[in-house]
Amino acid sequence: MQRKELEKHLKEIREELNQLIPNYLDEGILINQISSKVQIELSEEFTILQDFELNFKSVFLEFIFNLQKQKMIQKQIFNPPKSISDLFLGSYFNLDDVPKINRHPILKKIIDHINQRINHFFQHQISTLKFLIDQQKLIDSSSTRSSPIVIDIEIDSNQKIQEEQQQKLLTQESELIHLAQYQHPTQEQLNCPYCVCKKSNQTVLKSLALRCAVCKNYFHSSCLRIEKPKKVFVCPECILIGIDPLHELKESILDPVIFQSVEGRANQFTQKFQMKKGLPSEQLIELRSIKIDGQYEDISWPDLGDLQLNGKKIQEFRPLANNSCLKKRKDEKLMLNIEYGQVNILTIRESNGTPEMKAYRINQGIPYMLGIFQVKVYKLSEFIKKVKMDQSCLLGIEQSKKFIQLSILQNQFDEVTMESIKVSLDCVYDLNQIQTPARGNICEHIQCFSLENLVTMMKNVTPRKWKCPICKQMILGLQIDAYQMCILTIIKQYNLKINEVSFNQFGEVENPELRELLKQQESTLPDSTRTNNNRVIQLEQISQRILKISNQVVAEPKNRYKPPPPLPEPKPIKKIGESFSDAILID
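Residues numbered from 1 in each chain as written. Predicted model: local features only at pLDDT ≥ 70, side-chain atom pairs only at ≥ 80, totals over all residues. Heavy atoms only, no water.

Looking up the protein chain in an unreviewed UniProt entry gives the name SP-RING-type domain-containing protein, with the organism given as Paramecium octaurelia.

Given below as C-alpha cells:
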C-alpha cells in the first residue's frame, strides 16, 4: 500500500464518522433531556432567538466543529488525516477547557455522549484500523530504509514502553469487544417488534429504547413507564418467564399478551387458549401477570375485579385500604385446572371504584402482561441438585477469573483506585462457611452466597420474591462459581483457617499457599470446569460498560432535516365562476 492510498482510506473513515456526528448529537440531546430552564440559558448563550429545538442542533454542531478545527490547527493535526494519529486526535471533541461548555453541565454530558459514540464507532472498525496501522508501519519503515542520509539516534526507552502499552491496550480492547458480544441494532430491531406498544394500542411517547440484558431485544422506555433506567435492564417478558426458578417453565400455552387497563371505566379482557399436549404428573399449569409500571418485578393483578375461567370465577381481586401498612398487595401466581385438547376462555374483569371505595388504593389505566405456562415444580433437594449438576449454570474457572479482572478494570475506568478484590467465604444468610458458592445470573458482584441457604429461604417465603441478598437484584437464574468452589474445597480438605480471600487484578488468589494448592487442584479438574463456552451476562454487561456501549438507543430515528415530500401535481384550472373549491394558492 502506498502512502496516498493509506491517506485515502483514513479520509474515508473520517468522512463516514463526520456524517454520523449529527445523529450522535440527536441521541445526546434526547437522552439528557434539556429542560425549559436550561433551554432559555442556552438560547442566551448561543443567541438563538426563536424555536430552540429546531435551531439548537445546527448552531451547536457548527460551534463544536469550529472549535475542533482550531484545536487541530494549534496541535498541527492534519485534516484530512495523513496518519492514524491524525485520525484519532482529530476525531474526538476534547473541549473540557472551553468556558461556554464548562458553564453548562448538560453540554458536557452531550459532548461525552458524542465521544462515547465515536469510541464505539472506532471499536467496530478495529480490524480495519489494525490493518492500516500495520500498513503505516511498513510505509514508515520503507521510507526510512530508502533514505540516503543515516542519522544516529539514541533509542528512547520511553517510546518503546509507550508502544508496548498501546499494543497492550489494543489487545485488551479487542478482547473486551469479543466479551461484550454486541452487535449494532438492525433497523428491524430499532422498530422494537417485541415492545408493549406492538402487543397493544399503546402510543409511543418517546423514541428512546432500552436493550434487554437477557434476550437482547429493544423496548421503548416510555411504553414500560421507565423514567430512570437501571444499571442492568431486563424486559417484562424475560421477568415473567423466569420469575420463579423453582417453577421451571417447560412450555408456553399462552405466549405473553397485554391486558390494557382503561382508566376511569370498567374493562374486560378475554383470551382463548388450548393445551395441546398431555400434562406430566410433576407439572402444573400456571397463570402469571405483572404490572407494566416501570417496576415490574413481582406478580401483580388489577386492584379491583375478578378472573374467570370458562365462565367460572376462580379469583377475586380486592384493593388494599389507604391506611394499610403494606406497600403492595401480596399477589401470587394462579394455578389453572384445564384439560388436554379443550378450548378454554380466560376472562379478566376490571371493576370501577364506587364512592364507597375511596378509602382503598385503586390504580387503573396501567397495562399488565400475562401468560400461561406449563411448569415443573421442584422439591428443595431436587432443585439444588439440578442447579449443581446443570453445566449451563456453571461459571468456569477461567470465566470467573475474567469476571474478577473486569470488575477491577471497571472500577479503574470509574477512577476508583483498586488493585484487588476481597471476598468473604461466609454466607450472608447465616454467617457460616458457604456450601455451594452461587450468585444470580445478572448480579455483578464477585461475592457469593450459599445456594442451599437461598433456596431454603425462598421455599419458605410467600409470595416468593427471588432477590439477591447482596445487591437486591432479581434472580432469574442461578450461577455456580467453579473458582470459589475449588477454593472452598481446598480449605475444607486441608483444614485451613481462612474465611476470606483476596484476588489480584489478574484474577489470581493473593495468598501464596492457597494459590499453589489451587494450581495443583486445577490440573486434576475436567475441562468443562476449568473453561466452558456458557453465555455470561455479567461479562457482556461489564465489557459494554467499559467500552462505553450504552444499552440505550434512539429507536425509529426521525431525520429532522428530511427533505419535504414533492408537491402534488396541479389540477386543471377551471373557468371563473364554476367553482373556487379547487383553487391553489402559490407564494
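**Looking at the packing of aromatic side chains**
Condition: Two aromatic rings, drawn from Phe, Tyr or Trp (for Trp, its six-membered ring), form a pair once their centres lie within 6.5 Å of each other, and the interplanar angle then sorts them: stacked below 30 degrees, edge-to-face above 60, tilted otherwise. Strands are runs of DSSP state E lasting at least 2 residues, helices are runs of H or I lasting at least 4, and numbering of each runs from the N terminus. Burial here depends on accessible area, computed with a 1.4 Å probe over protein chains only, as a share of the maximum for the residue type. Under 20% is buried, over 50% is exposed, and the range in between is partly exposed. Ring-over charges, as used throughout, are those where CZ of Arg or NZ of Lys falls within 6 Å of the ring centre and within 35 degrees of the ring normal.
The full count for this structure, using the stated rule, is 17 aromatic pairs. Here the aromatic rings of Tyr483 and Phe503 are separated by 5.4 Å at their centres, their planes lie at 45°, and the arrangement is tilted. With Tyr483 in helix α15 (residues 482-493) and Phe503 in strand β16 (residues 500-504), the pair connects residues that are 20 residues apart, well separated along the chain. For the pair shown, Tyr483 and Phe503 are each scored as buried. Three or more aromatic residues link up through ring pairs in this structure, and these residues are Phe46, Phe52, Phe56, Phe60 and Phe63. Lying across the ring of Phe78, Lys82 places its NZ or CZ 5.6 Å from the centre.

**Side note on the sheet that holds strand β15 (residues 478-481)**
We count it as follows: Strand pairing follows a simple DSSP-based rule, namely that at least 2 bridges must link the two strands. Residue contacts follow a heavy-atom distance rule, with two residues in contact if any of their heavy atoms lie within 4.5 Å. For helices, the axis comes from a line fit to the C-alpha atoms of the stretch in contact; other axes are also lines fit to C-alpha atoms, and the angle between any two N-to-C directions lies between 0 and 180 degrees.
Ordered by their spatial adjacency, four strands build an open sheet running β11-β15-β13-β14, and the pairing between neighbours is mixed. The two strands at the open ends of the sheet, each matched to only one other strand, are β11 (394-395) and β14 (449-450). Running at roughly 45° to β15, α15 makes contact with β11, β13 (437-440) and β15 of the sheet.

**Overview of the side chain of His113**
Of note, His113 is situated in helix α6 (residues 105-123). Classification of His113 as buried rests on a relative accessible area of 8%. Sequence-distant contacts of His113, defined by excluding residues within four places in its chain, comprise Tyr24, Glu27, Gly28 and Ile31.

**Details of unusual backbone geometry**
Here Asn79 and Pro80 are connected by a cis peptide whose omega angle stands at 5°. Position of Pro80 among the secondary structure elements: in the loop between α3 (52-74) and α4 (84-89). Of note, the amide linkage connecting Thr462 to Pro463 takes the cis form, showing an omega dihedral of -10°. Assignment of secondary structure puts Pro463 in the loop between α14 (451-459) and β15. In this structure, Cys192 takes a positive phi of about 50° despite not being glycine. Along the polypeptide, Cys192 turns up in the loop between α9 (187-190) and α10 (196-199). Not every positive phi belongs to a glycine, and Lys216 is a case in point at roughly 65°. Counting through the fold element by element, Lys216 comes out in the loop between β1 (208-211) and β2 (218-220). With relative accessibility at 28%, the residue Lys216 sits in the partly exposed group.

**A short note on the packing of α15 against helix α16 (residues 512-522)**
Here is the rule we go by: In what follows, roughly perpendicular refers to angles from 65 to 115 degrees, roughly parallel to angles under 35, roughly antiparallel to angles over 145, and oblique to any angle outside these ranges. Here the term charged refers only to Asp, Glu, Lys and Arg, the term nonpolar to Ala, Val, Leu, Ile, Met, Phe, Trp, Tyr, Cys and Pro, and the term polar to all other amino acids, Gly among them.
Packing of α15 against α16 leaves a shortest axis separation of 10 Å and a crossing angle of 110°. If you check the angle between α15 and α16, you find them roughly perpendicular. Residue-level inspection shows Tyr483, Cys486, Ile487, Thr489, Ile490 and Gln493 of α15 in contact with α16, the latter providing Leu514, Leu517, Leu518, Gln521 and Glu522. Of the residues in the contact of α15 with α16, the class split is seven nonpolar, three polar and one charged.

**As for α16**
Along an α-helix, residues three or four apart share an orientation, since each turn contains 3.6 residues. Put simply, the test is: Arc definition: it is the arc formed by the directions from the helix axis to the C-beta atoms. For the purposes of these results, a polar contact is taken to be a pair of N or O atoms within 3.5 Å, where, inside protein, one atom must be able to donate a hydrogen and its partner to accept one; residues adjacent in sequence count only when each atom of the pair is a side-chain atom.
Among the residues making up α16, those that are buried are Leu514, Leu517, Leu518, Gln521 and Glu522. Looking down the long axis of α16, one finds its buried residues gathered within 135° of arc, a one-sided arrangement. In α16, the exposed positions that point more than 90 degrees away from the buried face belong to Pro512 and Lys519. N-capping of α16 is provided by Asn511, with a side-chain oxygen placed 3.0 Å from the backbone N of Glu513.

**What about the packing of helix α1 (residues 3-32) against α6?**
Defined as follows: The handedness criterion is simple: a crossing whose near helix is rotated anticlockwise from the far helix by less than a right angle is left-handed, and one whose near helix is rotated clockwise is right-handed.
At a minimum axis distance of 8 Å, the contact between α1 and α6 shows a crossing angle of 140°. Relative to α6, the element α1 lies oblique. α1 and α6 meet at a crossing whose hand is right-handed. Contact with α1, carried on its side by Ile13, Glu16, Leu17, Leu20, Ile21, Tyr24, Leu25, Glu27, Gly28, Ile29, Ile31 and Asn32, involves Ile106, Lys109, Ile110, His113, Ile114, Arg117, Ile118, Phe121 and Phe122 of α6 and no other residues of that element. Residues that form the contact of α1 with α6 fall into these classes: 14 nonpolar, three polar and four charged.

**Describing the sheet that holds strand β4 (residues 267-274)**
Spatially, β4-β9-β6-β7 is the arrangement adopted by the four strands of the open sheet, whose pairing is antiparallel. Where the open sheet ends on each side, the last strands, each with one partner, are β4 and β7 (312-317). When strand polarity is set aside, the average angle formed by the axes of neighbouring strands in this sheet is 15°. As defined by bridge partners, β4 adjoins strand β9 (residues 343-350) across eight bridges and the pair is classed as antiparallel.

**Some thoughts on the pairing of β1**
Where burial is concerned, the two faces of β1 agree: the one with Leu208 and Leu210 and the one with Ala209 and Arg211 are both buried. In this structure, β1 lies alongside strand β17 (residues 552-554), joined through three bridges in antiparallel fashion. Counterpart to Leu208 in the pairing with β17 is Val554. Direction of pairing for β1 relative to β2: antiparallel, over a ladder of three bridges. Paired with Ala209 across the two strands is His220, which belongs to β2. Turn length for the β1-β2 hairpin, with the two strands adjacent in sequence and antiparallel, is six residues, and the turn residue Lys216 shows positive phi of about 65°.

**Here we look at the confidence of the model for the protein chain**
The condition is simple: In predicted models, pLDDT denotes the confidence assigned by the predictor to each residue on a 0 to 100 scale.
Taken as a whole, the protein chain shows an average pLDDT of 82; of its residues, 86% reach a score of 70 or greater. At the level of individual helices and strands, the protein chain shows its lowest average pLDDT in helix α8 (residues 157-180), which scores 63, and its highest in β14, which scores 96. A low-confidence stretch, residues 557-565 stays under pLDDT 50, and its non-local contacts, those more than four residues away or across chains, total five contacts. Contacts for the low-pLDDT stretch residues 567-587, under 50 throughout, to residues beyond four places or in other chains number four contacts.

**Concerning the pattern of salt bridges**
Quick reminder of the rule: Salt bridge, as used here, is a side-chain nitrogen of Lys or Arg placed within 4 Å of a carboxyl oxygen of Asp or Glu.
Scanning all chains against the criterion turns up 28 salt bridges. A salt bridge links Lys57 to Asp26, with the shortest nitrogen-to-oxygen separation between them at 3.0 Å. In this pair, Lys57 is assigned in helix α3 and Asp26 in helix α1, connecting sequence segments 31 residues apart. For Lys216, the salt bridge goes to Glu540, with nearest N and O atoms at 3.9 Å. Note that Lys216 is positioned in the loop between β1 and β2 and Glu540 in helix α18 (residues 537-546), a separation of 324 residues in sequence. Sharing partners across several salt bridges, the network here consists of Glu248, Lys250, Lys386 and Asp390.

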